[in-house]
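Single-letter residue listing:
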Amino acid sequence: MKSYFATLARYNLWATRKLFEHIDALPEVHYRRDAGLFFKSVHGTLNHLLLAEHLVWYPRFAEGVSNRRALDEEVEPDRVRLREQLIEHAQRWLPLIDACEASRFDGRLDYTTTKGVPQSLPFALTLGHVFNHGTHHRGQISAAITAMDHACPEIDLVWMLQAEASP
């Protein structure tokens, strides 16, 4: 399990960097326009990823802290700083997973939801949710970029695995 989640953490970082290679080329008007996404724009969706994965879920896993935040709260309005924070925070999952004892993946994660409701869920499955959540929203962003007639990245996990295997 530890190796699997370490791979997902690497993938999360790799896919985020790849996605930004294409997001960085978007004109500001496309970056901020309502693209029909759940969090409306590319910016709104990236902001949600920073908030949910790194300011809500990461503290639950790393520190046992349950931050109560609105999932659509804008935490970083600046495009460049949002990019920097997403990449920086994605890097933090790698040592966190590395520090986990193997038995931790068989345990539970006790936390309080953003609405104040106590929860206890399987640790490994909940950690899997965090990485799946990122994949889901990166897919939404990729579709939006394509719909705007811009190139989008190939960010399937197998592309990362192939790149890692190449000399």
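This text follows the structure it describes.
Small disclaimer: the values here were computed from a predicted structure and weren't measured.

Moving on to the overall build of the protein chain. Helix and strand counts for the protein chain stand at 6 helices and 2 strands. Ordered by position from the N terminus, the helices and strands of the protein chain form the series α-α-α-α-β-β-α-α. The C-alpha radius of gyration computed for the protein chain amounts to 16 Å, which stays within 12% of the reference 15 Å derived for 167 residues, consistent with globular compactness. C-alpha atoms of the protein chain, sized along the principal axes, occupy 45 × 45 × 25 Å. In the protein chain, buried positions account for 43% of the 167 residues. In the protein chain, 71% of the contacts between residues at least 6 apart in sequence involve partners at least 24 apart. Taken as a whole, the protein chain presents about 8,700 Å² of accessible surface, with 54% of it coming from carbon and sulfur. Within the protein chain, the 21 negative side-chain charges are centred at a point lying 3 Å from the centre of the 18 positive side-chain charges.

Inspection of every chain in the model, using the stated rule, returns 6 salt bridges. Salt bridges sharing common partners tie together Glu28, Arg32 and Arg79.

Although it is not a glycine, lysine 40 adopts a positive phi angle of roughly 70°. The backbone of aspartate 149 shows a phi angle near 65°, a positive value even though the residue is not glycine. Residue placement: aspartate 149 occurs in the loop between α5 (123-147) and α6 (157-165).

Reading guide: rules and limits
- Residue numbers restart at each chain and count upward from 1, following the sequence in its written direction.
- Local features in this predicted model are restricted to residues of pLDDT 70 or higher, and side-chain atom pairs are both shown and tallied only at a pLDDT of 80 or more, whereas totals for entire chains, interfaces and linings draw on every residue.
- To get the side-chain values, all heavy atoms of the structure are used, and hydrogens and water are removed first.
- A run of DSSP states H or I qualifies as a helix once it reaches four residues; a run of E qualifies as a strand once it reaches two. Both are numbered from the N-terminal end.
- Radius of gyration: C-alpha atoms only; globule rule: 2.2 Å multiplied by the number of residues to the exponent 0.38.
- Accessibility here uses a 1.4 Å probe with only protein chains present; expressed as a share of the type maximum, an area under 20% marks a residue as buried, one over 50% as exposed, and anything in between as partly exposed.
- Any two residues having at least one pair of non-hydrogen atoms within 4.5 Å are treated as being in contact.
- Accessible surface is estimated by sampling points in the Shrake-Rupley manner with a 1.4 Å probe; for residues, cover comes only from the protein chains shown.
- For the purpose of charge, His is not counted, nor are the chain termini; Lys and Arg are scored as positive and Asp and Glu as negative.
- Note that the charge is assigned to NZ on lysines, CZ on arginines, CG on aspartates and CD on glutamates.
- Throughout this description, the term salt bridge denotes a Lys or Arg side-chain nitrogen within 4 Å of a carboxyl oxygen of Asp or Glu.

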